[in-house]
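The residues making up each chain are set out below.
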Amino acid sequence: MIFQLSIVQASKMLQNLQQILDKGAAFAASKKIDMTVLLNARLAPDQFNLIRQVQIACDSAKLGAARLTNQVDSAPKHADDETTLEQLSQRVADTVAYLATFNPADFADAASQKVSQPRWEGKYLTGDEFLIQHVLPNIYFHITTAYAILRHNGVDVGKKDYLGAMPYKS
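Residues numbered from 1 in each chain as written. Predicted model: local features only at pLDDT ≥ 70, side-chain atom pairs only at ≥ 80, totals over all residues. Heavy atoms only, no water.

## Regarding the nonpolar core
The biggest cluster of nonpolar side chains holds 49 residues, and the ones touching the most others in it are Leu14 and Phe107. The dominant element in this core, judged by the number of residues it contributes, is helix H1 (residues 2-31), at eleven residues. (Core = buried A, V, L, I, M, F, W, Y, C linked by side-chain atoms within 4.5 Å. Buried < 20%, exposed > 50% of the residue type's maximum accessible area, 1.4 Å probe, protein only. Helix = DSSP H or I, 4+ residues; strand = E, 2+ residues; numbered from the N terminus.)

Below is the structure:
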């Protein structure tokens, strides 16, 4: 299940984010709004802008998988210098491509391992705690906030855009 949540679900949500960004670009073009305005928009003065929301969503997904599999050195490094939609889209694509390099066997010991980060000052979470209480909430938070920034600015996105395609059965 850790593979399903950290790779399959994270990839799906990043792809949904890309579709939402594409709708933002179409909206900007149709309204003759400079896309830079939307990319720098935020919901509150003390909140990160759309660019940073996308960056953090990607970082949460790639570093989450990397930490859960003890492969932090393999994670793509980004300079956080994106200023255009094309650059952000490339970051999303790079992250999804990186996630595609993992397989379920990579996560065999992930649930019970100790996961830490420098800012946690010597503290750790078990792998399953890290995924459920840190990685997934961060991915969802930043994708939701990116969605909300665009929605707030008039982009016609809805819940179906956020959720993406569903694997319905009949």
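From this point, the discussion proceeds with the structure in view.
## Side note on the packing of H1 against helix H3 (residues 50-68)
Look at H1 against H3: their axes get within 10 Å of each other, and the N-to-C directions meet at 160°. In this view, H1 runs roughly antiparallel relative to H3, as classed from their interaxial angle. Two packed elements cross with a definite hand, and for H1 against H3 that hand is left-handed. For the pair H1 and H3, the contacting residues are Ile2, Ser6, Ile7, Ala10, Leu14, Leu17 and Leu21 in the first and Leu50, Val54, Ala57, Cys58, Ala61, Ala65 and Leu68 in the second. Of the residues that constitute the contact of H1 with H3, the class distribution is 13 nonpolar, one polar and no charged. (Axes fitted to C-alpha atoms, helices over the stretch in contact; angles between N-to-C directions. Parallel < 35°, antiparallel > 145°, perpendicular 65-115°, else oblique. Left-handed = near helix turned anticlockwise from the far one by under 90°. Contact = heavy atoms within 4.5 Å. Nonpolar A, V, L, I, M, F, W, Y, C, P; charged D, E, K, R; others polar.)

## Concerning the environment of leucine 68
Mapped onto the secondary structure, leucine 68 falls in helix H3. On the basis of relative accessible area, leucine 68 is assigned to the buried category, the value being 2%. Separated by 54 residues in the primary sequence, leucine 68 and leucine 14 place their C-alpha atoms 19 Å from one another. Setting aside residues no more than four positions away along its own chain, leucine 68 makes contact with Ile2, Ser6, Phe107, Ala110, Gln113, Val115, Gly127, Phe130 and Leu131.

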